[in-house]
Amino acid sequence: MPDCIVVGGGAIGLLTARQLFLQGVDVLLLEKGALGGESSWAGGGIISPLYPWRYDDAVNRLAERSKQIYPVLNETLLAETGVDSQLINSGLFTVTEASVEIDDWAKKWSVDAAFIDDVVAIHDIEKTAGAAVDKGIWMPDILQIRNPLFVKALKASFDHHSIAYHENTAVEDFIINNNKVSGVKTRQRNYMADKVIIASGAWSGQFSITKSSVNVLPVKGQMIMYKGEPGLIKRIILSEGHYIIPRKDGRVLAGSTLEKIGFDKNISDAAHDELHHAAIELVPLLSSLPIERQWAGLRPGTEKGIPYICQHDEIAGLYIHAGHFRNGIVLGAASAELMADIILDRKPGFSTAPYGMQAQH
Ligand SMILES: Cc1cc2nc3c(=O)[nH]c(=O)nc-3n(C[C@H](O)[C@H](O)[C@H](O)COP(=O)(O)OP(=O)(O)OC[C@H]3O[C@@H](n4cnc5c(N)ncnc54)[C@H](O)[C@@H]3O)c2cc1C
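Residues numbered from 1 in each chain as written. Predicted model: local features only at pLDDT ≥ 70, side-chain atom pairs only at ≥ 80, totals over all residues.

(A) Quick peek at helix α7 (residues 269-282). Between its first and last C-alpha atoms α7 spans 20 Å; for 14 residues at 1.5 Å apiece the expected length is 20 Å, and the two agree. For α7, every residue scored as buried is listed here: A271, L275, A279 and L282. The buried residues of α7 occupy an angular sector of 55° when the element is viewed end-on, so they sit on one face. Exposed and facing more than 90 degrees away from the buried side of α7 are D269, A270, D273 and H277. For α7, the secondary structure elements touched by its buried residues are β13 (217-226), β14 (236-239), β15 (242-246) and β16 (252-255). (Helix = DSSP H or I, 4+ residues; strand = E, 2+ residues; numbered from the N terminus. Expected span 1.5 Å × (residues − 1). Buried ≥ 20, exposed ≤ 12 C-beta atoms within 10 Å, placed from the backbone. Arc of directions from axis to C-beta. Contact = placed C-beta atoms within 7 Å.)

Here you go:
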């Protein structure tokens, strides 16, 4: 019998289970499909919230910590598994007006963020930028990671360490007696443990015990991907919610839609056209590249984008680690550290109240 069961093998479940295992916890991860096959595969992997100045400190605090963790984590995963997650520094140019809000945010979190409205200077940063990229905030230190490779590296790390997991094993319900969890039910069998962490992404609010108490809803995001040459486009560029992300091998992602239509992962022509139109405004040469692929993922949406990282208010031993919305990768590494602190009863150096169940109501 493991000490702890983690329900869900997206980035959040994988990072949490790995963190706990490395700290001596006997952990078992159960995943209804394939590890890393949902939102964590589909995302853009930008290691910064978009418009981070609009977010609460609770988000920025984890984002700041994650930025320190990722370079080390990437090297460790590479050494353990040989899988390169392609963590690269692309910087992020956000088309926006200057504002006191942005200045205050940059000072508070010690982020290099400069307002630039000179076209020559903008072309020095990204020579392919179009006329619509005429002013904005340049953050040169923003990293990105390639999602499918990152989850592949995490899975390989599980195999490297022999961390226990089962794929194609959906948790159907929790075993709860006298307001205390003692395991989970799956179609195949019951698994017993004194601690259970719900890390089920967009599905985290779908269990009988979480339906009325955990407010996480799916928010569909669609992406398209162009096939280009390495080095053609170098920077992540964001404008009015649309962005392009150039990968190391020359592919360029353009995202993303925000659709609150339930558990639907169908792709649409309307999204294809919206994303393509927005992308060629940012970088006109994209119009000459073939679009190789389109896909959709379901983000675990919460109202303010602040994740649940907490014990369930009423069920002893049941924990929730979900609701990272648009920032599951950027927050994930730090969030897993915090979840491990909570599980192991260690006091983090800041208040965990913003990540509790009460804070979401
Ligand atoms: C288009 C798009 C772009 C994005 N861009 C970024 C970005 O640039 N940066 C960033 O930080 N974030 C980004 N995100 C968000 C990020 O991908 C998510 O926040 C993150 O992947 C959430 O991770 P997760 O592990 O909680 O969820 P998921 O990856 O969805 O994993 C949850 C897992 O739980 C499993 N599960 C569900 N129910 C059960 C059950 N009953 N039993 C067992 N297993 C179960 C699922 O099968 C799934 O594998 C983006 C998302 C999308 C869709």
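(B) Looking closely at the packing of helix α1 (residues 11-22) against helix α6 (residues 147-161). Look at α1 against α6: their axes get within 10 Å of each other, and the N-to-C directions meet at 30°. In terms of axis orientation, α1 runs roughly parallel to α6. Crossing handedness for the pair α1 and α6: left-handed. Two secondary-structure elements touch here, α1 through A11, L14, L15, R18 and F21 and α6 through V151, L154, S157, F158 and H161. Here the residues of the contact of α1 with α6 sort into seven nonpolar, two polar and one charged. (Axes fitted to C-alpha atoms, helices over the stretch in contact; angles between N-to-C directions. Parallel < 35°, antiparallel > 145°, perpendicular 65-115°, else oblique. Left-handed = near helix turned anticlockwise from the far one by under 90°. Nonpolar A, V, L, I, M, F, W, Y, C, P; charged D, E, K, R; others polar.)

(C) Examining the environment of G297 more closely. With respect to the helices and strands, G297 occurs in strand β17 (residues 291-301). Considering only alpha carbons, one finds G297 and I209, 88 residues apart in sequence, at a separation of 25 Å. Not counting the four nearest positions on each side in its chain, G297 is found in contact with E38, S39, W41, A42, G43 and G221.

(D) Region of interest: unusual backbone geometry. Residue S256 is bonded to the preceding G255 through a cis peptide linkage, with omega at -20°. One can find S256 in the loop between β16 and α7. Despite not being glycine, Y51 shows a phi value in the positive range, around 50°. Examined against the element boundaries, Y51 turns out to sit in the loop between α2 (39-42) and α3 (57-81). The backbone phi angle of Q86 is positive, close to 55°, even though this residue is not glycine. Residue class for Q86 comes out partly exposed when judged on the 18 C-beta atoms lying within 10 Å of it.

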